[in-house]
Amino acid sequence: MEKLKSSGEEESSGERGVLHTWRGYSCSVTPEKVLLSRPVLQAALGAKHGVLLVEGGQVYSFGELPWKQNQPSSGTTEPLLEAGLSEQHVVCVAAGASHSGAVTEDGVVHMWGDNTYGQCGLSGLSVVPNPTPVAVVDCEATPPQPIRVLEVACGEQHTLALSARHEVWSWGSGCQLGLLTTTFPVWKPHKVEHLAGRHVLQVVCGASHSLALVRCLPPPQEARRLPVDKCGQCNQSLYTMTDKEDHVIISDSHYCPLGVELEDGDSKSGSEGSLGLGKMKSSPSEPILSAYTQSPKSVIPLSSSPGATSVSAPAPVSETQGQTPRTESQPVLADGVVSGAAPQSQTSETDSTEARASAELTAAGAKCSPYPDEQALKDYLKRLSDQTLAEQASKNQTAQCSQPLPESSDVFISDPATPVAQSVTPMGSALNHLVVSCASAVGERVASTYEALSLRKVINYWGPGESRERPEERVRQEEHRQGKKSCSLGDIREEEAEGLSRRLSLPGLLSQDKAETEGKEPSVLATVTVSPRLLRRVSRPPVRAVALTPVGVAESDAHLPSLQTEVWSWGRGQEGQLGHGDLLPRLQPLCIKSLSGKEVIRVAAGALHSLALTAQSEVYSWGSNSFGQLGHMESPSTIPRLAKLSDGIRAWDVGAGQHHTLLLADGDCFQPILYYSGQQVKEGSAESTQEQTGGYTQQPVLLPFCMNLGYVSSVCAGGQSCAALADRNVMGFIGSLHELAAAERKYYCKLTSIKSVLLQPLLKLESLSSALGPACTGLLQNLISRFGRLAQLTGQNSASLTSFLRRSRDVRGLVLLENAQLFLDTYSEYCASVGNLLVMGGFQALVRPCQDVFGKGAEVVQKLSEGCEDGAMLADILSHLFYLPVRHLHEYGHLLLKLATCYEVNSMDYQKLQDVCSKYESLVLLLKRKRKEAEYTLHFWKSFPGKMTDSLRKPSRRLVCESSNKALTLQNAGRFSVNWFILFNDALVHAQGMLPCKGLFSTHHVFPLATLWVEPVSEENAGLYGLKVTSPEESFTLLASSPSEKAKWLRSINQAVEQALSGTGMDTSGAAMRADPPISRTASYTFYKDSRLKEVMYEGRWLAGKPNGRGVLKWPDGRMYTGTFKNGLEDGYGDYIVPNKNLNKSDHYQGHWKDGKMHGFGNFRYATGELYEGSFQDNMRHGHGMLRSGKLNSTSPSVFIGQWLHDKKTGYGVFDDITRGEKYMGLWQEDLRQGNGVIVTQFGLYYEGAFSNNKMMGTGVLLSEDDTTFEGDFSDDWTLSGKGTLTMPNGDYIEGSFSGVWGTGLKISGSYYKPNLYDSDKDKNRTLKLGRLAVPSEEKWKAVFGECWSRLGCESPGQGDTSTAWDNIAIALTTNRRQHRDSPELLSRSHNKTLESLEFIPQHVGPVTLEKYHIIRRYLIKACDTPLHPLGRLVETLVAVYRMTYVGVGANRRLLQQAVNEIKSYLSRIFQIVRFLFPDLPEEGGLLAEGPNEKKESESSGNKIDSPKPGRVVSSSALLLPVLLPRLYPPLFTLYALEKEKEDDVYWECVLRLNKQPDLALLAFLGVHQKFWPVTMTLHGEKQQVLSSTKDACFASAVETLQQISTTFTPSDKLQVIQLTFEEITQEVLALLKQDFLWSMDDLFPVFLYVVLRARIRNLGSEVSLIEDLMDPCVQHGEHGIMFTTLKACYYQIQHEKIT
């Protein structure tokens, strides 16, 4: 590739992604530019070569490339395009010692370079000259699936790949692969099973070791067990307690001398003390990988020194896992040393390190991290306090042993340094591996100590040195794969064991930072100093431990990077580069415990050293330090320690070469600077060998040329070279981005230091909660958890910005923009909690504790809060410090605005940046205003008289204004009274006192703002500036001293009310603010003095100080009203519940209210089980109603339906006494039967007569089922007493005086008469007219009709205005429709249509013509069809009462006449209402007016005197029976059937007899003239001859028509059927005779009789009677009347027919 020639061209491309390379750190070094036509996106350096990825996805190599043919040995200085990749779009490159890798967009890995050790993943080739794809395939899946790769890392002899599933794959040679194999090279990529199920974020390779950055798992939820406190191997105590004079030192720094763990493959050999069939355990702190058993008989010898015997100690075990044994019988160890079979095989001296590769030592270093699962911790502490520790221990042992352990099961040995509580699942087959989770690593003796320490409430507070609670919601999905060669490893949760185990060592975790920051060996990290007194007090019940950890910002799914990370390392450790505190190799990944909780966000590996960069911009380094490459000179360097960077230098990218380290950092300005640490490279030396290199650094040195490079965005190092990618600051865009990221990193470090320097020492203070008091303690905890949340969000944003600089530059990807709402919410919540603490005087209260911890001057705090004026009070300094984030929020706005200026004004990005920027800025203004409010309020409380402060001071309450300057006074106040008004953001407080001294206010009253209405009083009355204040129970007038004061208070109160109602504290000064808060609003309020509602809580709508609209009232005694209110009282529809303490149930009313009382229609369910449905007035049953008594309605012992007056039965009513089987229909007074009435019983007794005082008393008639009748006097129920007549069924009767109870012996003194057959006079007297003593039908159900009239707006029937009535109907329909619109399921669609059509009111003025009459008729049918219309409601109620009366016991034949009369009275009374609504409708029997069309016809026909046509006569039955009768038909027809039973039986027998005859025989028998006999008949459409045997064929159509009489309801319909039958007969005869003829009755009757017989109508007698009783009078003498008479004659004829 040619170099770019012209400088102009060079400039244009040299703006972004310019790569500079150099070696060493001397002053004379000048970096070289690597010239390429496109910006470099990523660079990777190997030992002597480099790989570059440029924009567009192309790859270049440079340096020594011995694997390329025809390459000069000296190497190429020109970057060489890798043509093999030009077709692909590469997204990531990597360089190892002598091989390279690249990953394309679609996740395919390409490798090239040296392949001696299989590091290119291609078998059979020692060199791969050009990039060649390598298949990464998951063979365990069926079918095998290709794995998509995100990035690769290359070492000296191995390569690692990170898959899209965040798992690690490796290939090449050496133990740094992390695979369970001893056969190298590994040609094919294999998954590193030990990290399966974890979320790996980054992998890097050293020369012979590997590092992975892993996201922490969420804490396991398994049941936790008490920890072991002995080392699983050397049997020494894990915890030591050293007694000093006045304190105890507890230490968990046990290191196992053996350092090696085994699993027993075979219990027997294990127990015999030999190694037996041991299996290598992956690492002391990992789950044992029984998944990777070698063949069952293979043995791995472990010797840390020649001759040492390894002891294995059994621990709890799980069931044997179903694994496929490996095929090798003898595994080969790392460097080809074959293990012998002897338990104590030894290796030669030279190989001892290799042999040690199989041994593993416990992880040294900081094992301290706070407990992530707060709930489990509480449970654990509770268990400890509930039982003695001994009991607890024994319990756990039994728990451990509760599962029988099979002989052959694997023995798992837990980490010596970490007792692991192992929960053994009983379902071994299903959960195929041991689930190990850890409750805590606290020894039993120590546990109680921790509990005592928890009193300090420091649980789970984290600092920069601790891990946080893990917010990832990611659920690990592990399959339990049985019987597969490379099965997923045990349960990964055990890794957590160590971390969790120390998470209770609270003081340890808090004391840890010092040890680390000073860089000392943190060997005894969890050392706790506890006074013996504290140990003695451990039996106290645990105080609720408050987690001061943020629960973690919901990581907004994946927008924010995780800070809860761990670093895992494996491979060779000869220089300590694994960071586990030893020099041993690790065959499998092992977590570096001391980095847990350090928030590592990036790792790097040099040849023999490792680096970790944290979110706090610190660099930890470990491994070889022979050239000072670690950046510090402390030893041992086998555990991570901080590189020494001077104060204020914040590193944010790292690179590691062979013997050097390169750091990219923020300095004083926001242009990044470079630091170098490690070996100096002499200039000009062609061969940079060890001898020619110069000195080395003691700590990182600044590279002087870094400021010339521009804005460096990332660095890398390799071999002896360094490289930096830099951008020019085009239009200030890059500079602004860097400034934003640098500011965020600085701010996060600041927050972290506030936490570690200020909060943690404070929280350790014993006396903190007592100094603050309970209210402030809670607020402080809230503040700290919000602070933690804010800090975490900042840390995540800072990490996100750092990677944003390294990778994409699309401004839309900025978290600050995408998740702006998350930031705004977090800041608002945080500032609210600071304000709350400030108002409650929390910062004052913190002064003493601060002085206790930091000394009198508390310089530490002063130093932290830079920018606070000198000589400020400590409380002010603290509040200044906690308000720091608001200033940073302003910086966000400022920097986003700066970024926006780099864009075109009309671009989307500009708009987005502007919008978000204004959001941040307006929030800053709001928070500043809120801070002012809080400070103003605090100042007010300081000066406020003491007694009332306690009750009025609340954290969220802010002062708006107050009238201490006498600007506001109460109108009509007493001379000596002092009134003081204080307006808060949630209430107006009125304080009163009798003395002028402000300090002695005797009373105060709080008016909540949500229920406060204020309006100005007009100033007509001479210069009074008044405000009228209304609250639910008081209203008073305030007088202001001047118009401006009045305006100020009015505005303040209205604004405060508006804010209280909207629930926002947002800036209301804008135009969006309404002038006045709404007069109608929703709020809740508890009454305090209203006599009816004292202590009652109302929640709902208000209007000007009164409940109005929907709402809920709740009484302290449990009563509750839910419904509508009007003017402060219950009004409209409502639901009312009254608990009944004795019955433990409640009365429940649902219905209408008026003026606070039940009024109108409602349902009342009593606690006793009674149910009343009907009308109410003034809380009493009044009007028509039905009361069912009894537990269940289905078995209710009694039902009353009728009229009520003031809660008593009064007027006409029907009482069905179901238990006694009696039904009473009659008059009542005050709940007693009084007046005339009828009783029927289920045994057929019938009584009608007078009642008095609930008894039959006076004259009455009594009939029994067999028609025995008594007329006379009664004195009690069924008790005869006095004169009377007893008539027998056969007509004999006795007259005299009677006494006794009916049905038992009667005493009679009187005369017995046997009537003579010819005694006609006597006969006339004997026929008994029933119903004389019953209630006349017009008197029945007056209340029902009365309610209908009142709904129409009439005082009494017929008295009122028609137009008002129509208005009321319209109102009723619309309100009901509106109610039902809210619950549409109550209305069917047809019902809805009916309602719509009813909204058109028919014209009701002017003469009624036939056409208009039909419109009225149709309207009435619809109106009676819906209960929402007053007429429909009336009909529905009448149907209900009618059925109640005549169904059941009421189905007594003697009631027939009353039932018929009742229907007739309904008709006349409804007709009265109809005529009221349509005043021009003629009265009953009147004629309709003629329409214009009809007049002509009548004139033309002349003046014949003719009877009116039936259709022209107005009759109530024609109009209303079609509506009423179908609904009343069943009970009515039943009565007819009972009455006509005997006659119908005779008739039916005759019908059956005569119908046996064939047609012709029957016609002959009935005397039908022969000419009318049909000759042919039609059968199935064919004509056939009528034979003598033919049956049921003649006059078939007429018979069929007549049968329809039973399917019709009204008399007019039934008469229509009869008429149609006659027409059918006539048709048939005409067809027969083929000529016109006129019927004579003699001819017609026999034919009709034949049709009636063949029609076989069962209850013809009932049908005839029904027609007769209810027939329209105007029809009787017309055609219909004659036809009906014919039918009736047929009925009687059939009964008396004799067969001769």
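Right above here is the structure, for reference.
Residues numbered from 1 in each chain as written. Predicted model: local features only at pLDDT ≥ 70, side-chain atom pairs only at ≥ 80, totals over all residues. Heavy atoms only, no water.

**Some words on the sheet that holds strand E33 (residues 660–666)**
Then comes step 1: Taken together, the 4 strands give an open sheet; going across it, the order is E32-E33-E34-E35, and neighbouring strands pair in antiparallel fashion. Every other strand in the sheet has two partners, leaving strand E32 (650–656) and strand E35 (701–702) as the edge strands with one partner each.
Then comes step 2: Pairing of E32 with E33 involves 6 bridges; the strand directions are antiparallel. Bridged to Arg-650 within E33 is Asp-666.
Then comes step 3: On top of the sheet, helix H10 (residues 733–764) reaches E32 and E33; it is set at about 105° to E32, its chief contact. (Pairing = 2+ DSSP bridges. Helix = DSSP H or I, 4+ residues; strand = E, 2+ residues; numbered from the N terminus. Contact = heavy atoms within 4.5 Å. Axes fitted to C-alpha atoms, helices over the stretch in contact; angles between N-to-C directions.)

**Notes on the pattern of salt bridges**
Then comes step 1: Counted by the stated rule, this structure contains 37 salt bridges.
Then comes step 2: Notably, a salt bridge pairs Asp-1216 with Lys-1223, separated by 3.9 Å at the nearest N-O pair. Here Asp-1216 matches Lys-1223 in class, with each residue buried.
Then comes step 3: Where Lys-1614 meets Glu-1663, a salt bridge forms, and the shortest distance between an N and an O atom there is 2.6 Å. With Lys-1614 in helix H33 (residues 1611–1633) and Glu-1663 in helix H35 (residues 1660–1670), this pair connects stretches of sequence that are 49 residues apart.
Then comes step 4: When its relative accessible area of 0% is taken as the criterion, Lys-1614 is described as buried. (Salt bridge = Lys/Arg side-chain N within 4 Å of Asp/Glu carboxyl O. Buried < 20%, exposed > 50% of the residue type's maximum accessible area, 1.4 Å probe, protein only.)

**What to know about the environment of Lys-919**
Then comes step 1: Mapping Lys-919 onto the fold places it in helix H18 (residues 908–943).
Then comes step 2: With a relative accessible area of 40%, Lys-919 lands in the partly exposed category.
Then comes step 3: For the pair Lys-919 and Gln-821, spaced 98 residues apart in sequence, the C-alpha to C-alpha distance is 9.2 Å.

**Brief notes about the side chain of Thr-1210**
Then comes step 1: Secondary-structure assignment places Thr-1210 in strand E56 (residues 1208–1217).
Then comes step 2: Taking the relative accessible area as the measure of exposure, Thr-1210 reaches 17% and is therefore buried.
Then comes step 3: Polar contacts involving the side chain of Thr-1210 include one to the main-chain amide nitrogen of Glu-1230, which spans 3.2 Å.
Then comes step 4: With residues up to four places along the chain from it excluded, the contact list for Thr-1210 reads Gln-1203, Trp-1204, Leu-1205, Trp-1228, Gln-1229 and Glu-1230. (Polar contact = N/O pair within 3.5 Å; in protein donor to acceptor, adjacent residues only side chain to side chain.)

**Observations regarding the packing of aromatic side chains**
Then comes step 1: Here the structure, examined in full by the defined rule, presents 59 aromatic pairs.
Then comes step 2: Centre to centre, the rings of Tyr-1085 and Trp-1102 are 5.9 Å apart; their planes meet at 85°, and the pair counts as edge-to-face. Taken together, the residues span a long stretch of sequence, with Tyr-1085 in strand E46 (residues 1080–1086) and Trp-1102 in strand E47 (residues 1097–1103) at a distance of 17 residues.
Then comes step 3: Its relative accessible area of 0% is what places Trp-1102 among the buried residues. (Phe/Tyr/Trp six-rings, centres within 6.5 Å; stacked < 30°, edge-to-face > 60°.)

**Some words on the environment of His-1569**
Then comes step 1: Among the secondary structure elements, His-1569 is positioned in the loop between helix H31 (1559–1565) and strand E65 (1576–1579).
Then comes step 2: With relative accessibility at 45%, the residue His-1569 sits in the partly exposed group.
Then comes step 3: His-1569 sits 75 residues away from Leu-1644 along the chain, and the two C-alpha atoms are 9.5 Å apart.

**Observations concerning helix H22 (residues 1342–1351)**
Then comes step 1: Here H22 has its buried residues at Ala-1343, Val-1344, Phe-1345, Glu-1347, Cys-1348 and Trp-1349.
Then comes step 2: For H22, the secondary structure elements touched by its buried residues are strand E53 (1171–1177), strand E54 (1180–1189), strand E55 (1198–1205), helix H26 (1430–1446) and helix H27 (1456–1477).
Then comes step 3: Just downstream of H22, Gly-1353 is the residue with a positive phi angle, here 90°.

**A look at the packing of H10 against helix H11 (residues 768–806)**
Helix-helix packing: each pair is described by the crossing angle between the helix axes and the interaxial distance.
Then comes step 1: Close contact between H10 and H11 brings their axes to 9 Å; oriented N to C, the two are set at 155°. With respect to each other, H10 and H11 are oriented roughly antiparallel. Handedness of the crossing formed by H10 with H11: left-handed.
Then comes step 2: Looking at side-chain class alone, the contact of H10 with H11 contains 18 nonpolar, 6 polar and 3 charged residues. (Parallel < 35°, antiparallel > 145°, perpendicular 65-115°, else oblique. Left-handed = near helix turned anticlockwise from the far one by under 90°. Nonpolar A, V, L, I, M, F, W, Y, C, P; charged D, E, K, R; others polar.)

**Points about the pairing of strand E59 (residues 1246–1252)**
Then comes step 1: Across the 7 residues of E59, 6 count as buried, placing the element largely inside the fold.
Then comes step 2: Where E59 and strand E60 (residues 1255–1263) come together, 6 bridges link them in antiparallel fashion. Among the inter-strand pairings, Tyr-1247 is bridged to a residue of E60, identified as Leu-1262.
Then comes step 3: Where E59 hands over to E60, the hairpin turn is made up of 2 residues, of which Asn-1253 adopts a positive phi near 50°.

**Overview of the pairing of strand E26 (residues 565–571)**
Then comes step 1: Most of E26 sits out of view: 7 of its 7 residues are buried.
Then comes step 2: Neither face of E26 is exposed, since Thr-565, Val-567, Ser-569 and Gly-571 on one face and Glu-566, Trp-568 and Trp-570 on the opposite face are all buried.
Then comes step 3: Where E26 meets strand E27 (residues 586–591), 3 bridges bridge the pair, whose relative direction is antiparallel. Residue pairing for E27: Gly-571 is matched across the bridge by Arg-586.

**Examining unusual backbone geometry**
Then comes step 1: The omega torsion across Phe-184 and Pro-185 is -5°, close enough to zero to call that bond cis.
Then comes step 2: Within the element layout of this structure, Pro-185 appears in the loop between strand E15 (168–172) and strand E16 (186–191).
Then comes step 3: For the peptide bond that leads from Ser-635 to Pro-636, omega is -5°, which places it in the cis range.
Then comes step 4: One can find Pro-636 in the loop between strand E30 (619–623) and strand E31 (641–642).
Then comes step 5: Positive phi values are uncommon outside glycine, yet His-166 reaches one of about 65°.
Then comes step 6: The phi torsion at Asn-1144 lies on the positive side, around 60°, for a residue other than glycine.

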